[in-house]
Amino acid sequence: ELFYRGFVESAGVLAFSPLSSAGIGGVCIREAIPLLVSAALFGLVHTEFVQEPPPEGAEGRGGNGAANAPQEPETGAPLQPGQPVEESKAYWFRVTALYGVLYSLLYVVSGHRLLASTACHAGLNVGQALRDWEKMRATPDAELQRIFTPRQQDGP
C-alpha cells in the first residue's frame, strides 16, 4: 500500500493537480488516472504469483480426499467435476487489479490516508494466508517439494 497508493497514486495526483487547477478535467483527471495506473500496476505485479501448471501426468499432483480437491479461486468452494480452474496470468491480473481499484477508492475516500486501504489489504492477506496454510498442510510432500524446489535457468 505504501508503494501503490502512497507513492504511485500520490505522485499521480500531484502530477495532475496543475491540470485540474487550470480547469482541465478537474477531479476526474486528478484522481481517476492515478487510481487506474496504481490498480493496473498492482494487478500486473500479482501475476507473478501464478505458477505454470506441471506437465500432464507429473508425479505428486493432487491426492486423495476432499482436502486436495481443486477449488474455485474466488470462493474456495470445491469445483464440480469438469469445471475448469482458471489460474492464468490474465485472470490474476483482472482480479487483483479490481482489488487495487477497491484499495485506491478507499485511499481517495479517506482523504489520501493509507490507514483504510492498508487495514483492508492486511485483513484480506491474513485470511488468504490462513487459507493457504490449510491447503499446504493437506498437500502431499512431493507436490510441495516440486513447488518449492528452485528451477534451473536456461543459458548463462
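Residues numbered from 1 in each chain as written. Predicted model: local features only at pLDDT ≥ 70, side-chain atom pairs only at ≥ 80, totals over all residues. Heavy atoms only, no water.

Trainee: Can you walk me through the environment of Gly26 in this structure?
Mentor: Looking at where Gly26 falls in the secondary structure, it is placed in helix H2 (residues 26-46). The spatial distance from the C-alpha of Gly26 to the C-alpha of Phe16 is 9.1 Å, given a sequence separation of ten residues. (Helix = DSSP H or I, 4+ residues; strand = E, 2+ residues; numbered from the N terminus.)

Trainee: Looking at this model, I keep getting lost on the packing of aromatic side chains. Mind explaining?
Mentor: By convention here, two paired aromatic rings are described through the distance between centres and the angle between planes. All chains considered together, the criterion is met by six aromatic pairs. For the pair Phe3 and Tyr4, a centre-to-centre distance of 5.2 Å together with 80° between the ring planes defines the contact as edge-to-face. Take Phe3: its relative accessible area is 45%, and that puts it in the partly exposed class. Each residue in the set Phe3, Tyr4, Phe7, Phe42, Tyr99 and Tyr103 is aromatic and connected to the rest through ring pairs, giving one cluster. Its end group placed over the ring of Phe42, Arg5 keeps NZ or CZ at 5.2 Å from the ring centre. When the ring centre of Trp133 is taken as origin, the NZ or CZ atom of Arg137, which lies over that ring, is 4.9 Å away. (Phe/Tyr/Trp six-rings, centres within 6.5 Å; stacked < 30°, edge-to-face > 60°. Buried < 20%, exposed > 50% of the residue type's maximum accessible area, 1.4 Å probe, protein only. Lys NZ or Arg CZ within 6 Å of the ring centre and 35° of its normal.)

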